[in-house]
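Descriptive structure summary
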Amino acid sequence: MDLFDILTLIGGLSLFLFGMDLMGASLERRAGSSLKTLLGKLTSNQFLGFLTGLGVTAVIQSSSATTVMVVGFVNSGLLSLRQAIGVIMGANVGTTVTAWILSLTGLDGGSFFVQLLKPTSFTPILALIGVILTMTAKNDKKKDTGTILLGFAVLMFGMHTMSSAVAGLQDVPEFRNILLMFRNPILGVAAGAILTAIIQSSSASVGILQALSATGQVTYGAAIPIIMGQNIGTCVTAMLASVGANKNARRAAVVHLMFNIIGTTVWLAVFYGINAVVHFTFLSGPIDQLGIAIVHSIFNVLCAALLFPFSGLLEKLACRLIPDSKDAAESADDKIQILDERLLATPAVALGRCQEVAETMARISMDAMKTSCQLIRQYDARSAAAIRRTEGEADQYEDMLGTYLVKLGSSDLTAQDSRTSAKILHIIGDFERISDHAVNVVESAEEMKSKGLRFSPEASHEMHVMTGAVGEIMDLALDAYLQDDPALAAKVEPLEQVVDALKEQLRNRHILRLQKGECTIELGFVWSDLLTSLERVADHCSNIAGCVIEMSHDRLHVHEYLDNVKAGSKGFQQAYDAYARKYALV
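Okay, so let's go over this structure. Since we're looking at a predicted model, the values are computed, not measured.

This next bit is on the overall build of the protein. Check the secondary structure of the protein and you find 27 helices and zero strands. In the protein, buried positions account for 50% of the 586 residues. In the protein, the share of contacts with a sequence separation of at least 24, taken over all contacts with a separation of at least 6, comes to 81%.

In structure tokens form, the structure reads like this:
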């Protein structure tokens, strides 16, 4: 093996790692909605969690990415520690898929069918298809599919290049001696763990081992402990991701580490204990790519089978290693992060989390406004305090979502995800302002309470009609947003126009009562403030509905849309007339 072989090896390794990263990132984008669906099905059922971890890892081809997601979910409070354990175990089994794919490079045989299965035969075709899709497709999903095919072709080409470059090592005594060292189980485990910790991918380190097996010098005796060690090395990614996280998230990373250490220790001891008695003859024989894939799969399945029944004990051990703090200040700092930056590594999942938080913000803001309207008729101090807390929460949600979505915007998002991100950014300001107006209504109710002011029966009826119309428009806007339904959103603007008309009618009626001496100036100020707050809530609902409709047409010109609607149409006029009759003042 000369200098040029070494350079070829470096180039092959670089292409291999680049192809694996490119394919994994493209798979994440392509399977974004599938990931959301899979992760959304997580329940307290640990077996379902195991299958979810297996499925997600098989899809994105990275157990490291899955475990980082798990740490982020636990840190966000979306997963309990017990749920996370099942997902982690499933991820360890799911990562074996990569080794089976890479084992195709070791296929040997002269038949036409076998030749077709060799990557050197079909990857050029995949690369060509990938280039065509990437360069010509206008659809994001097709472009991602093309990138997946290109990543796979580059991955396989890098694997083939590495295997060809190291072929000369079969005649190098020094290389043979190094491999003989790894027949020592402890040294083999350490070598596998260190290599995987450095490149932070067990799939990549297994691929490198498979490439080296092309020399014919890698034996079962050397490969088995290295494969076991690779499972330990891959824990580094999750451990690094848990730095700065809350205790449960750190415990999840510790469970991942304990799972692999215990599994490796037990099965290493069992295997070599049996070997000491029966002396396995195959250990001195060479292992190929397929053999490595088989060993890798058997080992990971056995680890899961061994420890899955004892997941509760793993949870208790993790809690012992990272105990709850008795220090109140430290416990306060150890809080759930609603939007965890670790999830940014998987943009589709991070955006899904943003949608959930935005929906929570929408619900609490609308509920606060509805409650505040009830306080106009009957004031309650507890409800008023709760509304003020909700307004503070809405402010925090807006700040968090705005900052998080800006960071997410620097990720490689699909066109659909970009539109969703823009819609959330546009709408959260309206939800926050609705919560502000809820506090304004509370302040008006408190002023009436403190000064002993009461509306006349006629004014109370008018305010009841107004709050009823505003309550309905909030329901329409919220449902339109949550269901992403343009048809529901289209019903908002006619009702908003009715609310505007009601505001003018109620203001004029108040002036008449004032002229007749049936109302006071002081009560008139409260009346005016309430009407202004309610009318502005309707305006914000109109903005929300307009955004839903415009984004359904892949554009964001809300004010232009509203101007066009107000210009009038037959459907708009019919809806307006129906709402006008429903909320007519008797």
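Before going further, it helps to examine the packing of helix α20 (residues 381–409) against helix α21 (residues 415–451). For any two helices packed against each other, the geometry is given by the interaxial angle and the distance between the axes. Interaxial distance between α20 and α21 falls to 9 Å at its minimum, and their mutual angle equals 160 degrees. Put simply, α20 runs roughly antiparallel to α21. Like other packed secondary-structure pairs, α20 and α21 cross with a definite hand, here left-handed. Classifying every residue of the contact of α20 with α21 by side-chain character gives 11 nonpolar, four polar and eight charged.

With that out of the way, let us pick up the side chain of T67. One can find T67 in helix α4 (residues 63–75). We classify T67 as buried; its relative accessible area is 2%. Residues contacting T67, with those up to four places away along its chain left out, are A238 and H256.

Between helix α5 (residues 81–94) and helix α16 (residues 289–307), the shortest axis-to-axis distance is 8 Å and the interhelical angle comes to 160 degrees. By the angle between their directions, the pair α5 and α16 is classed as roughly antiparallel. Of the two elements, α5 crosses α16, and the hand of that crossing is left-handed. For the pair α5 and α16, contact is made by M89, N92 and V93 and by N300, V301, A304 and L307, respectively.

What follows is about the packing of aromatic side chains. Taken as a whole and assessed by the stated rule, the structure comprises 10 aromatic pairs. For the pair F280 and F282, a centre-to-centre distance of 5.4 Å together with 40 degrees between the ring planes defines the contact as tilted. Relative accessible area serves as the criterion here: at 27%, F280 is assigned to the partly exposed category. An aromatic cluster is present here, built from Y220, F271, Y272, F280 and F282 joined pairwise through their rings. Directly above the ring of W527 sits R513, whose terminal nitrogen or CZ lies 5.4 Å from the centroid.

This part takes up the nonpolar core. In summary, soluble globular proteins display a tendency toward joint burial of nonpolar side chains. Ranked by size, the top nonpolar core spans 134 residues in total, and within it M366, M369, Y481, L502 and C541 carry the most contacts. The next biggest cluster of nonpolar side chains, apart from the first, holds 15 residues, and it includes L102, L155, M156 and M159.

Within the fold, I387 resides in helix α20. Each C-alpha atom, one on I387 and one on D436, is 9.4 Å from the other, the two residues being 49 residues apart in sequence. Once residues lying within four places of it in the same chain are set aside, the contact partners of I387 are A368, T371, S372, L375, A438, V439 and V442.

Now for the pattern of salt bridges. Opposite charge on two side chains allows them to pair when their charged atoms are near. Counted by the stated rule, this structure contains 14 salt bridges. Across the pair R513 and E462 runs a salt bridge, and its minimum N-O distance is 3.1 Å. A residue pair is termed long-range when its members are at least 10 positions apart, and R513 in helix α24 (residues 492–515) and E462 in helix α22 (residues 457–483) qualify at 51 residues. With a closest N to O distance of 2.8 Å, K582 and E472 form a salt bridge. Of this pair, K582 sits in helix α27 (residues 570–582) while E472 sits in helix α22, and the two are 110 residues apart along the sequence.

Here we come to a nonpolar patch on the surface. A cluster of nonpolar side chains, namely L3, F4, I6, L7 and I10, defines an oily patch on the protein surface of about 530 Å² accessible area. Among the structural elements, I6 can be located in helix α1 (residues 3–30).

With that out of the way, let us pick up the side chain of T467. Considering the arrangement of structural elements, one finds T467 in helix α22. Within the structure, the side chain of T467 is placed 3.1 Å from the backbone oxygen of H464, a separation counted as a polar contact. The contact partners of T467, leaving out residues within four places of it in the chain, are C373, I376, R377 and L534.

Conventions we followed
- Residues numbered from 1 in each chain as written.
- Predicted model: local features only at pLDDT ≥ 70, side-chain atom pairs only at ≥ 80, totals over all residues.
- Heavy atoms only, no water.
- Helix = DSSP H or I, 4+ residues; strand = E, 2+ residues; numbered from the N terminus.
- Buried < 20%, exposed > 50% of the residue type's maximum accessible area, 1.4 Å probe, protein only.
- Contact = heavy atoms within 4.5 Å.
- Axes fitted to C-alpha atoms, helices over the stretch in contact; angles between N-to-C directions.
- Parallel < 35°, antiparallel > 145°, perpendicular 65-115°, else oblique.
- Left-handed = near helix turned anticlockwise from the far one by under 90°.
- Nonpolar A, V, L, I, M, F, W, Y, C, P; charged D, E, K, R; others polar.
- Phe/Tyr/Trp six-rings, centres within 6.5 Å; stacked < 30°, edge-to-face > 60°.
- Lys NZ or Arg CZ within 6 Å of the ring centre and 35° of its normal.
- Core = buried A, V, L, I, M, F, W, Y, C linked by side-chain atoms within 4.5 Å.
- Salt bridge = Lys/Arg side-chain N within 4 Å of Asp/Glu carboxyl O.
- Patch = residues over 30% accessible without salt bridge, like charges linked within 9 Å, V, L, I, M, F, W, Y side chains within 5 Å.
- Areas by Shrake-Rupley, 256 points an atom, 1.4 Å probe, with all protein chains shown as cover.
- Polar contact = N/O pair within 3.5 Å; in protein donor to acceptor, adjacent residues only side chain to side chain.

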